[in-house]
Amino acid sequence: MDSSDADSPRHLTRRSILKLPWLCWFTSLFFGDSLAEASLPAASTGSSAAPVLLSSRRTMSLNGTWNLTYGPCPGAPHDLPQKSPPASWPTIPATVPGNVELDLIAAGRLEPLEKGNRVYQALDLESYQWWFHRTFQAASSNPSEKVDLIFDGLDCLGTVWLNGTLVGRAVNMLIPQRFDVTSLLLSDQPNELLVRIDPAVPAGLATPRSDWEHAAPGRWESLHIRKAPHMYGWDIMPRIISAGMWRDVGLEWSPPVSLSNVYWYTRTADVGHNRAVVSVSWETVGSTADNGDYRLEIMLRRNGRTAFRAEIAALQIGQYDCALDHVDLWWPRGYGEPALYEGTLTLLSHDGAILDWHNTRLGVRTVELDRSDIVTPENPGNFGFVVNGVPIFVKGTNWSALDALHSRDVQHLDRVFPMLVELNCNMVRCWGGNVYAEDRFFNLCDESGILVWQDFAMASAAYPQDAAFLDMIRLEAEAIIPRLRNHPSLALWCGNNECDDALVWARTNPKGAPPVDPSHDHISREVLPAALRRLDPNRPYLPSSPYHSPAVFAAGNEARLMPEVHLWGPRGYFKAPFYTDTPAHFVSEIGYHGCPSMSSLVRMFDPEFVRPWVEDHEWNDQWLTKSVRFRPDSKSTLRRNDLMIKQITSFFGSVPSDLDEFILASQICQAEAIKFFIEFWRQQKGPRRGILWWNLRDGWPIISDGLVDFYNMKKLAFHYIQRAQRDVQVICCETVQGQHAIVAVNDTLRPVQGRVEVRPVGGTAKLLETSFDVQPNGKSNVGALPHPTQGEMWQLDWSTTATGSCTSHYLATSRTVSLAQYKLWARATGLDL
């Protein structure tokens, strides 16, 4: 290593980073001078978690009731209590996992935040410091065991003491924090655990800025702080800069010799011959030499049958290929069974005693991202996913925050996840403005055949490029990648959400200066790819979504050049050229507003604010808060509710004044829009490779483009999408030269035969009746119909041996239709409005 490279981002270590002048200031500012003690160990952010993982490690939960002492720190971040809270501050019970706002609500110190303008109470807490305290008694430890204190989610600027000794600090809510407490833990007597959490907003505001950085109003203070980006306020989430231990806390005892860093991946999958090669690598921790003292048993089982077994020498760092015949491959929904195997590594001593074992579920499959850097008329390019050598048409959604208070995520998951299955999604995009989803989410995706596109947790901003921040992101990647990489559902790592776009939005250059080239972003172009090459080199990576490749940047940096896009734009008429003329092959965000139901409005507003308008469609104050307005004086989302006015007007010609009719009109517009987007992309299967609409569910009571609101009330669009995302779908296309083509698409690996008829709603004459055949994973033309002389709704009924009887509808109309006429048509087709 050249001495000039010693402090470059590629060569930073936890030890060397503490020598950086900026981070010394950062550490002193957040945690006080006490953290300059040379003996302070840094937290390890590695996680041994894996899909349905079992191992020999003993654990003890420290969840439950703690004491919470709290108070304001107007002098933050420079003037903060360091070693104990002031005696005058109040103490209340706290629940772990939890959020401080929920503890304050439970103690009667805060009103629930969900209704009306009460969310603004959280703004008053942004300069508060929080002290968590509890005692516990631990069982005796074997002298040869290592004991770690683990916080699966510590939000965020935390300092931890055990029995009066400072054991470490945390600066990232998104990843587990692990502290070695072997020498500090008292066995069979009380232990005292103290956690201090400093206010994140003052610390973020005090951080030095660079000209590179950019953020939306209210989010500048988030750039250097590793919290979920949405917590600072988003157009889909309120501003709640929470704190607390939002995931499990506990102790873990590790045996003196153990397995670590276990990584399974599919090297090859031969669909035609039903064969595959699965590779597993591992590390043996605690072994001092590859001396043959230990043996390793490798086993793969499925449905009670042993598919592979081998016993080999347990090298300190090892890798082994498992050749499988008659293999059951893992497939996405529609394309086959998501077959899962149980993979077990057992570490044995020379006399056969079990020293450690590691058990996880895995799927045998390959996944590729078939993409080009640019699309042009001369080079149309590509962007699509290939699983086991088969191109997959992606139909799915974006997975955003389940709750603004993330300790409640686990309460929502079992209600929300089945909706993905109901909608027949075969991919879900985990949006970069969120936390990383819990392991159970990925387990469910594995079981359900739902591919996962995983953004790293950065969104819509130009993030810092200094060495200390780059190393913070590297440590985050080193924690998240091993935790998720054994899941067969995980199809893609993406560097961020819209951070390439943010460099365009920034407009920080003087007039006439060249725009900022996104390829200069060290995070997405260097740090993350380097971490993936080391830890998960067998899975695709996309630097940003949308990705402004060097070719796109050199050609003008316009969206029309990108093979994968986010289609938001004017959000007017949903069949406008903005939506239909894009040459992109894949859309990963596209959405449309839909007003929540009346029952949900009654729950989210105070009674006098349920009716939205003060006068002439001017929104009342609480509707502006739910738009989402991150502060009472914010202007950035004032016109967001107007999207519903614009969309209703573009489709129905006028806006109902009755609130019930307004809700219905808005939900119809959303339903027809997203149905159209899905069918428009599916009917062009081949050049078009997938659509991920925005989004499944709201993480807060708001007015938005979610299909399901925070109270789990499904909007009309949910039911329309159920009809539009079947594996086999008959679709009426838009008119070309006066004719509507009828096509059938088949997103299965079986040939399909069926019969379809089309008739006008309210009429008896059949416009089309014919049989059709569609090849596996194919599309076929069924027929064509002339555009009617006056507006009609057509009902499409078809049946196949694979799907049974199905129905859908198509609006063969001009741009506008009356709401009254639409209701007559819809009810005649059996649609429940």
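Predicted model only: the values in this text are computed from it and were never measured.

Comments concerning the packing of helix α15 (residues 659-682) against helix α17 (residues 819-828)
So, step 1. Relative orientation of the contacting elements α15 and α17 amounts to 65 degrees, with a least axis distance of 12 Å. The angle between α15 and α17 falls in the class roughly perpendicular. Crossing geometry of α15 relative to α17 is assigned as left-handed. Between α15 and α17, the residues in contact are Glu 661, Leu 664, Ala 665, Ile 668 and Glu 672 and Leu 819, Tyr 822 and Lys 823, respectively.
So, step 2. Split by residue class, the contact of α15 with α17 holds five nonpolar, no polar and three charged.

With respect to the pattern of salt bridges
So, step 1. A full pass over the atoms with the stated rule returns 52 salt bridges.
So, step 2. Salt-bridge contacts for Arg 408 lead to Glu 114; the nearest nitrogen and oxygen are separated by 2.9 Å. Separated by 294 residues along the polypeptide, Arg 408 in the loop between β24 (394-399) and α5 (409-422) and Glu 114 in the loop between α3 (100-106) and β5 (128-137) bring together distant segments of the chain. Like Arg 408, the residue Glu 114 is buried in the burial classification.

Overview of the side chain of Arg 134
So, step 1. With respect to the element layout, Arg 134 can be found in strand β5.
So, step 2. Among buried charged residues, Arg 134 stands out as having no salt bridge; its nearest opposite-charge side chain is Glu 192, 11 Å away.
So, step 3. Separated by 3.1 Å, the side chain of Arg 134 and the backbone oxygen of Leu 62 make a polar contact.
So, step 4. A polar side-chain atom of Arg 134 sits 3.5 Å from the main-chain carbonyl oxygen of Asn 63.
So, step 5. The contacts of Arg 134, once residues within four sequence positions are left out, are Leu 62, Asn 63, Trp 66, Asn 191, Glu 192 and Leu 193.

Some remarks on the sheet that holds strand β13 (residues 249-254)
So, step 1. Sheet architecture is open: four strands sit in the order β2-β13-β6-β10, paired in antiparallel fashion. On the outer flanks of this sheet lie β2 (58-61) and β10 (177-180), each paired with one strand and no other. Averaged over all pairs of adjacent strands, the angle between strand axes in this sheet comes to 25 degrees, irrespective of strand direction.
So, step 2. With four bridges joining them, strand β6 (residues 146-151) and β10 adopt antiparallel strand pairing. Bridge assignment links Ile 150 to a residue of β10, and that residue is Arg 178.

A look at the confidence of the model for the protein chain
So, step 1. A residue-level look at the protein chain finds 92% of positions with pLDDT of 70 or above and a mean pLDDT of 92.
So, step 2. Note that pLDDT drops below 50 for residues 1-42; the model gives that stretch 80 contacts with residues more than four away or on any other chain.
So, step 3. Segment residues 46-53 is flagged for pLDDT under 50; beyond a separation of four residues in sequence, or across chains, it makes 27 contacts in the model.

Regarding α15
So, step 1. Look at α15: 35 Å from first C-alpha to last across 24 residues, which is about the 34 Å you get at 1.5 Å a residue.
So, step 2. Within α15, 22 of the 24 residues are buried, leaving the element largely enclosed by the surrounding structure.
So, step 3. Capping the start of α15, Asp 658 holds a side-chain oxygen 3.1 Å from the backbone nitrogen of Asp 660, two or three residues further along.

Side note on the packing of aromatic side chains
So, step 1. The tally for this structure, following the rule as stated, stands at 41 aromatic pairs.
So, step 2. Centroid distance Phe 385 to Trp 453: 6.3 Å. Interplanar angle 55 degrees. Geometry classified as tilted. Placement of the pair is Phe 385 in strand β22 (residues 383-387) and Trp 453 in strand β26 (residues 451-455), with a sequence separation of 68 residues.
So, step 3. On the numbers, 5.9 Å between centres and 45 degrees between planes, the contact of Trp 613 with Trp 619 is tilted.
So, step 4. For Trp 613, a relative accessible area of 8% corresponds to the buried category.

Focus: the environment of Pro 208
So, step 1. When you line up the elements, Pro 208 lands in the loop between α4 (200-205) and β12 (244-245).
So, step 2. A relative accessible area of 39% means that Pro 208 is categorised as partly exposed.
So, step 3. It is 9.3 Å that separates the C-alpha atoms of Pro 208 and His 224, two residues lying 16 residues apart in sequence.

Considering the pairing of strand β30 (residues 586-590)
So, step 1. Summarising burial for β30: five of the five residues are buried, a large majority.
So, step 2. In this structure, strand β29 (residues 564-567) lies alongside β30, joined through four bridges in parallel fashion. Paired with His 566 across the strands is Glu 589, a residue of β30.
So, step 3. Where β30 meets strand β33 (residues 690-693), two bridges bridge the pair, whose relative direction is parallel. Note on β33: the bridge partner recorded for Phe 586 is Gly 690.

Regarding the sheet that holds β5
So, step 1. Pairing is antiparallel in the open sheet, where six strands are placed in the order β4-β3-β5-β11-β8-β9. Of all the strands in the sheet, the pair left with one neighbour each is β4 (91-96) and β9 (165-170). Recorded for the sheet is a direction-independent mean angle of 25 degrees between the axes of neighbouring strands.
So, step 2. Here strand β8 (residues 157-162) runs beside β9; their pairing, made up of five bridges, is antiparallel. What sits directly across from Trp 161, in β9, is Leu 166.

Here's the deal with unusual backbone geometry
So, step 1. The step from Asp 155 to Cys 156 runs through a cis peptide bond, and the omega angle for that step is 0 degrees.
So, step 2. Along the chain, Cys 156 falls in the loop between β7 (154-155) and β8.
So, step 3. Omega for the peptide link from Trp 694 to Asn 695 comes to -25 degrees, which places this bond in the cis form.
So, step 4. Note on placement: Asn 695 falls in the loop between β33 and α16 (716-724).
So, step 5. Unusually for a residue other than glycine, His 326 sits at a positive phi of about 50 degrees.

Looking at the side chain of Asn 426
So, step 1. Structurally, Asn 426 is set in the loop between α5 and β25 (427-430).
So, step 2. Look at Asn 426 and you get buried, because its relative accessible area is 0%.
So, step 3. A polar contact of 2.9 Å, which involves the side chain of Asn 426, links it to the backbone nitrogen of Lys 395.
So, step 4. The residues contacting Asn 426, other than those within four sequence positions of it, are Pro 332, Arg 333, Tyr 335, Ile 392, Phe 393, Val 394, Lys 395, Gly 449, Ile 450 and Leu 451.

What counts and how
Residues numbered from 1 in each chain as written. Predicted model: local features only at pLDDT ≥ 70, side-chain atom pairs only at ≥ 80, totals over all residues. Heavy atoms only, no water. Axes fitted to C-alpha atoms, helices over the stretch in contact; angles between N-to-C directions. Helix = DSSP H or I, 4+ residues; strand = E, 2+ residues; numbered from the N terminus. Parallel < 35°, antiparallel > 145°, perpendicular 65-115°, else oblique. Left-handed = near helix turned anticlockwise from the far one by under 90°. Contact = heavy atoms within 4.5 Å. Nonpolar A, V, L, I, M, F, W, Y, C, P; charged D, E, K, R; others polar. Salt bridge = Lys/Arg side-chain N within 4 Å of Asp/Glu carboxyl O. Buried < 20%, exposed > 50% of the residue type's maximum accessible area, 1.4 Å probe, protein only. Lys, Arg positive; Asp, Glu negative; His and termini not counted. Polar contact = N/O pair within 3.5 Å; in protein donor to acceptor, adjacent residues only side chain to side chain. Pairing = 2+ DSSP bridges. pLDDT = per-residue confidence, 0-100. Expected span 1.5 Å × (residues − 1). Phe/Tyr/Trp six-rings, centres within 6.5 Å; stacked < 30°, edge-to-face > 60°.

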